Amino acid sequence: MQKKTKEIIIADQERVRAYEKVFKVPMPQVTKDGDVTGLPDPYPRVVAGVERSGYRIWELAQKAEQTGIPVMNPILGRNSAEETYKESLDMYKMAEQFNETIFQFVHSEATRHIDPLNGAELIEQSRGKGGITPAGERELVQLGGGSKHPMRINATGDTPHLSIINALIAGFDGTDIGPVIHVHFGGRGIHDYKTKVLNGYRALQICAENKIFVQTDSHKHLNNIGGTDGMALAMCLLAEGLAVLAGLPKELSGLQMNVAGINLLADLAAMRAFKEMMWSDSLIVVPETFQNPPADLIVEQAHFARMAVSARLGKANFYRPKAAESVGIPTGASMAKAMWASYNVFANTADIDIQNAAIDARKEEIIAEAMAVLSAVLGRDGMLAPQDITPNFWRSYGDEELIDLIVSAGKNGIMDSPRAGGWDLKRGVRTHRDKDGIRRYVPGYGPTSIDEQYLTFTSEPVQVEKPAEISKKTKVVLATVGADAHVVGINTIREAFEKDGYEVIYLRGMNLPETVAEVAAEAKAQVVGVTNLLGLGTALYPRVSARMEELGIRAETALISGGRIAEKEEEHAAVNQKIEQEGTGFLGVDAHFGPGTEPADVVQWVYEHAEQVAGKSE
């Protein structure tokens, strides 16, 4: 029983102990004779008076198939079990009004993106932000979480297998380990791409052996960083291949995807491509948030309603209602309103089957690219056909063999996206979202080793600018600080500075505040820009400033910040008001640029406050 789970615990015992120490939760122990103690039985088992199993979630997915109404998968996780449960009760009350069972996504503390063995310092400086703690997971279940509405936890990151062991101990019967394959997560924290894929595979093995429902991988993450639908489908199919090798039943596997609501036909084409190709039994649909939704918790529901229509007509199994992220982690009441808005769309949208030649043509484009990517990743001589991709096809590969092929494809640019997060991955792709809402490749900038006849290219005029020559005197250091894995915003700011002729030293995601200051001193930078979306700015930004003071560079170096200062919705207005009334001194920075800022405004501020100063001093 649990042979593979125990083998993983024994092989990675040092990290298991580090997880226990850093997060202050008891974890399974390895005895002197090589056995494992402290590991709960697999599901189904009774936890806090409720029999739990990943199959509870699969049953909800099957109900959605029968009714045509997606099951809602709202996201809500606060910093403690008590607060998470209290806020969740508002969502449960709304679900009861509809007589619906929801599938709650309990967002986890951001620190669990990080390896507890090699990243303890980064974890410690970011504690208590971004969601529920590992100890809080266990307490939440005991309080009653998941008793009626099953729950899944976010286990994505460097070491998802450890987060899943904790979730199993806690009593969560669903988890989220995707992206397993996506280049979005290659080397974005501490580990390189291979270690991340390997640990994702270990997580799949644990879920398979313990009957935990898994969001196996995600189109959403690649879509958010400019990847195409076809590339995302290929990556999700590769993740399913690993799931098959891990022994996961298809009933316990789900894929997640974005719908944009810009073009209903394009959304339906993408959903049908996934449904036609996927082995997993469940499709989890999420509204795309990278369209600058109104920073208003009521107005934004009009923004997300069009995406709910796509999910309903595309026959998704699960759909995630959204509340505005730009004003912080939402309250349970705000999420309940988002559920109400989504349910209203579902209940009042006719159950019709739209047939259109444009849907069929786009679906075939997506599948053709996915097959071409798969063929290149796997080194096939000929082109794979959709009917080739079966469980037995994946079983023809060894697990180490498939992992090595995936990693090689990421490092060689076969799998690519414009804003891939991995420091150890090749990047060269350029894409453009056309007026019809579809993201296509820019001619001449497709992924490596893919025959262009299987790719779709934009016909709209797109100028890919060559790297601008450095023309400004000012040197800029940009970095996220703390255990924050969000890099889309800072990438946008980086591109704006580079386009305007600035030399930029970009440290990517997850940095210690002191490290950023030390790099700035070594580089003799005139501007430092830091960001954090977890509400940690008040604690971390002053540490950047303090270290710059110690190094003797603060007086002559501008320090600016971005991101969300308030972690929670109810704190947002008060913190913004404090900035307006008192300025940014309490943050230790010279200027702050929050969500919704135009990149040009940041560049202009630097020009006025740093570049001009440098010119006058000569």
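Preceding block: the structure.
Worth saying up front: this structure is predicted, and the values here are computed from it rather than measured.

Novice: Would you mind showing me how to read the overall build of the chain here?
Specialist: When you go through the chain residue by residue, the secondary structure sums to 21 helices and 19 strands. Since a compact globule built from 618 residues should have a radius of gyration of about 25 Å, the 24 Å found for the chain is in line with a globular shape. Referenced to the eigenvectors of the C-alpha coordinate spread, the extents of the chain come out at roughly 70 × 55 × 55 Å. Out of the 618 residues in the chain, the part that is buried amounts to 60%. In the chain, once contacts between residues fewer than 6 apart in sequence are set aside, the share between residues at least 24 apart is 76%. Separation between the mean location of the 64 positive side-chain charges and that of the 82 negative ones in the chain comes to 2 Å.

Novice: How do you make sense of the environment of Val606 when you look at a structure like this?
Specialist: Mapped onto the elements, Val606 comes out in helix α21 (residues 599-617). Here Val606 falls in the buried class, since its relative accessible area comes to 0%. Sequence separation of Val606 and Val476 is 130 residues, and the distance between their C-alpha atoms is 9.3 Å.

Novice: How do you make sense of helix α1 (residues 3-11) when you look at a structure like this?
Specialist: One turn of the α-helix equals 3.6 residues, which is why residues spaced by three or four share an orientation. Along α1, the residues classified as buried are Thr5, Ile8 and Ile9. On an axial view of α1, the arc spanned by its buried residues comes to 100°, and they lie on one face. Seen from the buried face of α1, the exposed residues on the opposite side, beyond 90 degrees, are Lys3 and Ala11. At its buried positions, α1 is contacted by α2 (13-23), β1 (29-30), β2 (36-37), α7 (160-170) and α8 (193-210).

Novice: What is the right way to look at helix α6 (residues 134-143) in this model?
Specialist: The set of residues buried in α6 consists of Pro134, Gly136, Glu137, Arg138, Leu140 and Val141. Phi for Gly144, located one or two positions after α6, is positive at around 130°.

Novice: When you look at the packing of aromatic side chains in this model, what are you seeing that I'm missing?
Specialist: For any two aromatic rings, the description comes down to two numbers: the centre-to-centre distance and the angle of the planes. Counted according to the given criterion, the structure contains 13 aromatic pairs. Between Phe213 and Phe318, the aromatic rings sit 6.3 Å apart at their centres with planes inclined by 70°, giving edge-to-face as the arrangement. Here the residue Phe213 occupies a position in strand β9 (residues 213-218), and Phe318 occupies one in strand β12 (residues 318-319), the gap between them amounting to 105 residues. This pair shows no difference in class: Phe213 is buried, exactly as Phe318 is. Chaining the aromatic ring pairs together yields one cluster made of Phe103, Phe213 and Phe318. One Lys or Arg, Arg152, reaches over the ring of Phe105 and ends 4.1 Å from the middle of that ring. Stacked on the ring of Phe586, the Lys or Arg Lys578 has its end atom at 4.4 Å from the ring centre.

Novice: Which parts of the structure should I look at to understand the pattern of salt bridges?
Specialist: Where charged atoms from two side chains of opposite charge approach closely, those side chains can pair. For the structure shown, the criterion picks out 36 salt bridges. Put simply, Glu65 and Lys275 hold a salt bridge, and the shortest N to O gap is 3.6 Å. On the criterion of sequence distance, the pair formed by Glu65 in helix α3 (residues 54-67) and Lys275 in helix α11 (residues 264-277) is long-range, its members being 210 residues apart. What makes Glu65 partly exposed here is its relative accessible area of 42%. Residue classification places Lys275 among the partly exposed positions, given a relative accessible area of 29%. The shortest N-O distance in the salt bridge between Asp404 and Lys194 comes to 2.9 Å. Taken together, the residues span a long stretch of sequence, with Asp404 in helix α16 (residues 399-411) and Lys194 in helix α8 at a distance of 210 residues. Asp404 gets classed as partly exposed once you look at its relative accessible area, which sits at 38%. Taken together, the shared-partner salt bridges connect Asp12, Arg15, Asp115 and Arg202 into one network.

Novice: Can you help me understand the sheet that holds β9 in this one?
Specialist: Neighbouring strands of a sheet are bound in pairs by backbone hydrogen bonds; such pairs are parallel or else antiparallel. Spatial ordering of the open sheet is given by β5-β12-β11-β10-β9-β8-β7-β6, a layout of 8 strands whose pairing is parallel. Because the sheet does not close on itself, it has two edges, and the strands there are β5 (71-72) and β6 (104-106). As paired strands, β6 and strand β7 (residues 151-154) are joined by 3 bridges and run parallel to one another. Its bridge partner lying in β7, Gln104 is registered against Met151. Strands in contact with α11 are β10 (253-259) and β11 (282-287); relative to β10, the strand with the most contacts, it is inclined by about 165°.

Novice: Looking at this model, I keep getting lost on the side chain of Asp416. Mind explaining?
Specialist: Mapped onto the elements, Asp416 comes out in the loop between α16 and β13 (431-433). As a buried residue without a salt bridge, Asp416 has its nearest oppositely charged side chain in Arg427, at a separation of 6.2 Å. Within polar-contact distance, the side chain of Asp416 engages the backbone nitrogen of Gly428 at 2.8 Å. Only 3.0 Å separates the side chain of Asp416 from the backbone nitrogen of Val429, close enough to count as a polar contact. Once you skip the residues sitting within four places of it in the chain, Asp416 turns out to touch Val183, Met231, Met235, Lys426, Arg427, Gly428 and Val429.

Novice: Help me understand unusual backbone geometry in this model?
Specialist: In most cases, non-glycine residues show a negative phi, while peptide bonds are predominantly trans. Omega for the peptide link from Tyr43 to Pro44 comes to 0°, which places this bond in the cis form. Take Pro44: it is sitting in the loop between β2 and β3 (45-47). In this model, Gly178 is joined to Pro179 through a cis peptide bond whose omega is 5°. Its place among the elements puts Pro179 in the loop between β8 (174-176) and α8. Of note, the phi angle at Gln2 is positive, near 55°, even though the residue is not glycine. On the secondary structure map, Gln2 appears in the segment before α1. Classification of Gln2 by relative accessible area gives buried; the value is 6%. Although it is not a glycine, Ser449 sits at a positive phi angle of roughly 70°. Residue placement: Ser449 occurs in the loop between β14 (439-441) and β15 (475-480).

Analysis parameters
- Residues numbered from 1 in each chain as written.
- Predicted model: local features only at pLDDT ≥ 70, side-chain atom pairs only at ≥ 80, totals over all residues.
- Heavy atoms only, no water.
- Helix = DSSP H or I, 4+ residues; strand = E, 2+ residues; numbered from the N terminus.
- Rg over C-alpha atoms; globule rule 2.2 N^0.38 Å.
- Buried < 20%, exposed > 50% of the residue type's maximum accessible area, 1.4 Å probe, protein only.
- Contact = heavy atoms within 4.5 Å.
- Lys, Arg positive; Asp, Glu negative; His and termini not counted.
- Charge placed at Lys NZ, Arg CZ, Asp CG, Glu CD.
- Arc of directions from axis to C-beta.
- Phe/Tyr/Trp six-rings, centres within 6.5 Å; stacked < 30°, edge-to-face > 60°.
- Lys NZ or Arg CZ within 6 Å of the ring centre and 35° of its normal.
- Salt bridge = Lys/Arg side-chain N within 4 Å of Asp/Glu carboxyl O.
- Pairing = 2+ DSSP bridges.
- Axes fitted to C-alpha atoms, helices over the stretch in contact; angles between N-to-C directions.
- Polar contact = N/O pair within 3.5 Å; in protein donor to acceptor, adjacent residues only side chain to side chain.

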